[in-house]
Amino acid sequence: MSIPAKMIVDKDFVIGQVDDRLYGSFIEHLGRAVYGGIYEPGHPEADERGFRRDVLRLVRELRVPIVRYPGGNFVSGYDWKDGIGPVEDRPKRLELAWRTVEPNLVGLNEFADWAKAADAEVMWAINLGTQGVEDARNVVEYANHPSGSYWSDLRVKHGYKEPHKIKTWCLGNEMDGPWQIGHKTADEYGRIALESAKVMKWVDPSIELVACGSSALGMKTFADWEATVLDHTYEHVDFLSLHTYYGNAEGDTPTFLARSLQMDEFIDSVAAICDYVKAKKRSKKKMLLSFDEWNVWFHSHAQDKKLDPWQIAPPQLEDVYTMEDALVVGCMLISLLKHADRVKIACLAQLVNVIAPIMTQNGGPAWAQTIYYPYLHASLYGRGAALVPLVTSEKYDTKDITDVPYLESVAVYNEAAGEATIFAVNRHLDQALAFEADLRSFGECRLIEHLVLEHDDLQAVNTAAAPDAVKPHARGDASVDGARVSASLGKASWNVIRLRIGK
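Residues numbered from 1 in each chain as written. Predicted model: local features only at pLDDT ≥ 70, side-chain atom pairs only at ≥ 80, totals over all residues. Heavy atoms only, no water.

(A) Broad picture of the packing of aromatic side chains. If you walk through the whole model with that rule in mind, you get 18 aromatic pairs. Both rings, one in Phe-222 and one in Phe-266, keep their centres 5.8 Å apart while their planes meet at 65°; by these two values the pair is edge-to-face. Of this pair, Phe-222 sits in the loop between strand E9 (208-211) and helix H6 (224-233) while Phe-266 sits in helix H7 (residues 253-280); the two residues are 44 residues apart in sequence, bridging distant segments of the chain. The interplanar angle of 80° and the centroid separation of 5.0 Å between the aromatic rings of Tyr-245 and Trp-297 together place this pair among those described as edge-to-face. Here the residue Tyr-245 occupies a position in strand E10 (residues 239-246), and Trp-297 occupies one in the loop between strand E11 (288-296) and helix H8 (301-304), the gap between them amounting to 52 residues. (Phe/Tyr/Trp six-rings, centres within 6.5 Å; stacked < 30°, edge-to-face > 60°. Helix = DSSP H or I, 4+ residues; strand = E, 2+ residues; numbered from the N terminus.)

See below:
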């Protein structure tokens, strides 16, 4: 027996246009994200620069528009100058954030090359832990100024005549975290972020800047941090960052699947703080949001504690993702789309090996984890205008979260392509949903396909030996009658219903 669930969408009731950067990702000098991930000279799939072609193929398939780099906690102790110039002259450094040795074989120029090969933009994070205004100015000059100055001419000398034209820059990382190198109070960070923002935009007025919000909703600094930082920087930055990770160490699947409701509340709270500062300053500017770290992360915690320090590229944060995790990632993607008016940048953290949708073996294959697929579907089919979803669904309660709808859903209308896409997760662990969607304003619709990600075992994973154990299929039973869509959404499933608009 199925449980009824309905959704109404109207093409004129738009949440906001989906910025392509909503489907960004993140690569940090951490674990095997860089060395053994995107870069492995000598690998059978390595190109002439040492980049793994098999990884690049998987990244390009995702159509990742932007990648945040080089951190993360790493960046607060990183000197970007260590990563430029002849590789043989670059120093090896003790990397304190993750207790490894950083060989600096990949730096700004190499990563810009990799991003170009991946058809992605670079989102560069500057060090506001151990560095400050001077280095913030210099790295923008090195990366973006055409020539005729010390740092731009040095880039030309290093073999890069044309500037990289990096548009999006993060002003540090998680600076309210006591674990952060150079940890600061809100006033200390607000002041250095302001002064850095000024000189960076003086060097290149075309860039966009992201100020650090709190490291997590649960931080004691939350809300006061955001308000204080924005009080300093509001007119000089373009985005405020949010970070969140969810896990299921307790084995409580109903609560785990409901966590995206907390993500909704987090986004709404940060938007409200931004609007408070806007009102306080009598500003006409709306602060946008960059959710530049989000994912499921909990599987690798115990394993990481056993690692010996001071290795180069040890296997850190290598979560092996389950079918259950893919459902949560799908719900989180829907949350981002439901806030497309404010969240314009988002970075799934991270991209390769480190809490990532793509895994590799050193010297061996690369494969897609379970969470790869909802990310892939949203990136491919979730571009256009996000529409207001009016959802009717039975609900359930957990010990932490109440009024959780079994149906989590949103629709995106790509007018240029003449397509609409419904993304839907059935949170019910035992029963299908008898789903109906009313697209009354669209007129005649035709079904393109109904993609489904499901598995009888919610703990099923993909591995090098069985890379397709959890994989989507196109055997969903959606049907269309005019502007009405009907489908059975299987228990604990991710669904993508693609529609052609018009005859």
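(B) Representation of the sheet that holds E10 within the structure. On the basis of which strands lie adjacent, the closed barrel formed by 8 strands has the order E3-E4-E7-E8-E9-E10-E11-E12 and parallel pairing. The average undirected angle you get between the axes of adjacent strands in this sheet is 30°. Looking at chain direction, strand E3 (residues 24-26) and strand E4 (residues 66-69) are connected through 2 bridges and run parallel. Its bridge partner being in E4, Ser-25 is matched across the sheet by Val-67. Each of strand E7 (121-126), strand E8 (168-171) and E9 is contacted by helix H5 (residues 186-203), which is oriented at about 155° to E8, the strand it contacts most. (Pairing = 2+ DSSP bridges. Axes fitted to C-alpha atoms, helices over the stretch in contact; angles between N-to-C directions. Contact = heavy atoms within 4.5 Å.)

(C) Structural context of a nonpolar patch on the surface. A cluster of nonpolar side chains, contributed by Ile-8, Phe-13, Val-388 and Leu-390, occupies part of the molecular surface with about 340 Å² of accessible area. One can find Ile-8 in strand E1 (residues 3-8). Judged by its relative accessible area of 32%, Ile-8 is partly exposed. (Patch = residues over 30% accessible without salt bridge, like charges linked within 9 Å, V, L, I, M, F, W, Y side chains within 5 Å. Areas by Shrake-Rupley, 256 points an atom, 1.4 Å probe, with all protein chains shown as cover. Salt bridge = Lys/Arg side-chain N within 4 Å of Asp/Glu carboxyl O. Buried < 20%, exposed > 50% of the residue type's maximum accessible area, 1.4 Å probe, protein only.)

(D) Summary view of the sheet that holds strand E24 (residues 484-489). Across the sheet, which stays open at both edges, the 5 strands sit in the order E16-E1-E21-E24-E23 with mixed pairing between neighbours. Every interior strand has two partners, whereas the edge strands, strand E16 (390-393) and strand E23 (479-481), have only one. Across the sheet, the mean angle from the axis of one strand to that of its neighbour is 15°, orientation sign disregarded. Bridge count between E23 and E24: 3 bridges; the pairing is antiparallel. Looking at E24, one finds that Asp-481 is bridged to Arg-484.

(E) How the structure looks around helix H4 (residues 150-157). For H4, every residue scored as buried is listed here: Trp-151, Ser-152, Leu-154 and Arg-155. What you see down the axis of H4 is that its buried residues fit within an arc of 155°, all on one side. The exposed residues of H4 that point more than 90 degrees off its buried face are Tyr-150 and Lys-157. The inward-facing, buried residues of H4 contact helix H2 (108-117) and helix H3 (133-144). At the exit of H4 stands Gly-159, carrying a positive phi of roughly 100°. (Arc of directions from axis to C-beta.)

(F) Focus on the pairing of E11. Most of E11 is tucked away: 8 of the 9 residues are buried. Judged from the 7 bridges that link them, E10 and E11 form a sheet pairing that is parallel. Within E11, the position partnered with Leu-240 by the bridge is Leu-289. Summarising the sheet, E11 and strand E12 (residues 343-349) pair through 4 bridges and their orientation is parallel. What sits directly across from Phe-291, in E12, is Ala-346.

(G) How the structure looks around the nonpolar core. Judged by nonpolar contacts, the single largest core of 158 residues is most densely connected at Trp-114, Trp-124, Trp-169 and Tyr-189. Considering each element in turn, this core owes the most residues, 12 residues, to H7. Setting aside residues up to four positions removed in sequence, Trp-169 forms contacts with Trp-124, Ile-126, Val-139, Val-140, Ala-143, Asn-144, Met-200, Ile-207, Glu-208, Leu-209 and Val-210. If you look at the next biggest cluster of nonpolar residues, it comprises 11 residues, including Phe-26, Val-75, Met-123 and Cys-170. (Core = buried A, V, L, I, M, F, W, Y, C linked by side-chain atoms within 4.5 Å.)

(H) Molecular detail of the environment of Asp-79. Within the secondary structure, Asp-79 is located in the loop between E4 and strand E5 (93-95). Exposure remark for Asp-79: the relative accessible area of 22% places this residue in the partly exposed category. Asp-79 sits 51 residues away from Thr-130 along the chain, and the two C-alpha atoms are 8.6 Å apart. At 2.9 Å, the side chain of Asp-79 and the side chain of Lys-81 are in polar contact. (Polar contact = N/O pair within 3.5 Å; in protein donor to acceptor, adjacent residues only side chain to side chain.)

(I) Main features of the pattern of salt bridges. Counted according to the given criterion, the structure contains 31 salt bridges. We note a salt bridge from Asp-231 to Lys-281, for which the minimum N-O separation is 3.5 Å. Here Lys-281 lies in the loop between H7 and E11 and Asp-231 lies in helix H6, a separation of 50 residues in the sequence. For Lys-338, the salt bridge identified is with Asp-264, shortest N-O distance 3.7 Å. Of the two residues, Lys-338 sits in the loop between helix H9 (323-337) and E12 while Asp-264 sits in helix H7, which places them 74 residues apart along the sequence. Exposure remark for Lys-338: the relative accessible area of 22% places this residue in the partly exposed category. You can call Asp-264 buried: its relative accessible area is 12%. Because the salt bridges share partners, they merge into one network encompassing Asp-264, Lys-338, Glu-408 and Arg-427.

(J) Quick peek at the pairing of E10. Within E10, 7 of the 8 residues are buried, which leaves it mostly tucked inside the rest of the structure. As judged from the 2 bridges shared by E9 and E10, these two strands associate in the parallel manner. Among the inter-strand pairings, Val-210 is bridged to a residue of E10, identified as Phe-239. You can see the chain leave E10, run along H7 and come back into E11, and the turn it takes is right-handed. (Right-handed = clockwise from strand over helix to strand, strands pointing away.)

(K) Region of interest: the packing of H6 against H7. It is at 9 Å that the axes of H6 and H7 come closest, and there the two elements cross at 40°. Our classification of the angle between H6 and H7 gives oblique. Where H6 crosses over H7, the two elements pack in a sense that is right-handed. Note on element contacts: H7 touches H6 through Ile-273, Cys-274, Tyr-276, Val-277 and Lys-280, opposite Glu-226, Ala-227, Leu-230 and Asp-231. Classifying every residue of the contact of H6 with H7 by side-chain character gives 6 nonpolar, no polar and 3 charged. (Parallel < 35°, antiparallel > 145°, perpendicular 65-115°, else oblique. Left-handed = near helix turned anticlockwise from the far one by under 90°. Nonpolar A, V, L, I, M, F, W, Y, C, P; charged D, E, K, R; others polar.)

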